[in-house]
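Descriptive structure summary
Take a look at the letters that make up each chain.
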Amino acid sequence: MEEYIVRWVMCGVISWSAAFMAVRKALPNRSFDFCSRIISTAHACVAVVLATLSFRTGHAPSAPRLSLLPLAVTLSYLIYDFFCILLDKRINISDLVHHAVGIVGIIAGLAYQMCGTEMVTTMWITEVSTPFLHLRQFLKELGYKDTDLNLLADNGLWPYMTTVTLTADYPFLIKAMALGLQLVSAFWFFKILRLMRLKMKSRRNPKAAADGLCPPLKVD
């Protein structure tokens, strides 16, 4: 991996960590998870903007330096958040697996200097919906659980780029990471669908929900 990319990643890890500590200090009454999701939302916005600029300039992300910036920013965030998850009181194994797959996948792509366009595109597709996924947790902690606004936030959005990567002449590790990311995304997609089904069912039959026949599904 190029030395300037390593410097970008190191600066990114330090920056995300400092931003998290600043948010924790500014919002002392909010939970660890709430503050962590604020940083995640900030990363998603930065990543989407950088990826969009990369597309608009017409650069192949495996060539000029600036076009590699979206991947470096996301890699630094995943490394920061991996350790951030370990510091939380409740360690989310699925998030750790997701981050580990993402870290290895991006490092492999940068090391092989291949499929940069596909990786940036996949990142854009994944991160563009992240703020909406976090919105439901923000609303929950702010006291808007079980409201129409919360239900709207549950309606969240990757398979094309995975198919392209799997059918192209790329190293096995790159294909494995692409498939892993797709499977993790599918897992969360069906988990959200199940949550929405239970919420709609409980709205149609409040008594059943109160009796525990339609228990709410906890999604971290």
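What counts, and at which threshold
- Residues numbered from 1 in each chain as written.
- Predicted model: local features only at pLDDT ≥ 70, side-chain atom pairs only at ≥ 80, totals over all residues.
- Heavy atoms only, no water.
- Helix = DSSP H or I, 4+ residues; strand = E, 2+ residues; numbered from the N terminus.
- Buried < 20%, exposed > 50% of the residue type's maximum accessible area, 1.4 Å probe, protein only.
- Areas by Shrake-Rupley, 256 points an atom, 1.4 Å probe, with all protein chains shown as cover.
- Core = buried A, V, L, I, M, F, W, Y, C linked by side-chain atoms within 4.5 Å.
- Salt bridge = Lys/Arg side-chain N within 4 Å of Asp/Glu carboxyl O.
- Patch = residues over 30% accessible without salt bridge, like charges linked within 9 Å, V, L, I, M, F, W, Y side chains within 5 Å.

1. Describing the overall build of the protein
Broken down by element type, the protein carries ten helices and zero strands. Along the protein, from the amino end to the carboxyl end, the secondary structure elements read α-α-α-α-α-α-α-α-α-α. Looking at the protein as a whole, 41% of its 220 residues are labelled buried. Entry remark: accessible area of the protein is about 12400 Å², with carbon and sulfur atoms responsible for 68%.

2. Focus: the nonpolar core
Among the nonpolar cores identified, the biggest contains 27 residues, and Ile-5, Phe-20, Ile-39, Leu-71, Tyr-80, Ile-106 and Leu-110 are the most heavily contacted of them. Mapped onto this core, the elements with two or more residues apiece are helix H1 (3-26), helix H2 (32-57), helix H3 (69-87), helix H4 (93-112) and helix H5 (116-127). For this core, the leading source of residues is H3, giving eight residues.

3. Comments concerning the pattern of salt bridges
This model, assessed by the stated rule, comprises two salt bridges. Here Glu-3 ties to Arg-7 by a salt bridge, and the two come within 3.3 Å at their closest N and O atoms. Here the residue Glu-3 and the residue Arg-7 both occupy positions in helix H1, the gap between them amounting to four residues, near one helical turn. Of the charged contacts in the structure, one is a salt bridge between Asp-33 and Arg-37, with a shortest N-O distance of 2.7 Å. On the criterion of helical spacing, the pair formed by Asp-33 and Arg-37 is a turn pair, its members being four residues apart in helix H2. On the basis of relative accessibility, which here comes to 27%, the residue Asp-33 falls in the partly exposed class.

4. Observations concerning the environment of Lys-25
Positionally, Lys-25 belongs in helix H1. The exposure class of Lys-25 is exposed, given its relative accessible area of 72%. Spatially, the C-alpha atom of Lys-25 lies 9.7 Å from that of Cys-35, the residues being ten residues apart in sequence.

5. Observations regarding a nonpolar patch on the surface
Taken together, Phe-83, Leu-86, Ile-91, Ile-93 and Val-97 make up a surface patch of nonpolar side chains, about 470 Å² in accessible area. Contributing elements (two or more residues each) for the nonpolar patch: H3 and H4. For Val-97, the location among the structural elements is in helix H4. On the basis of relative accessibility, which here comes to 43%, the residue Val-97 falls in the partly exposed class.

Geometry only, nothing functional implied.
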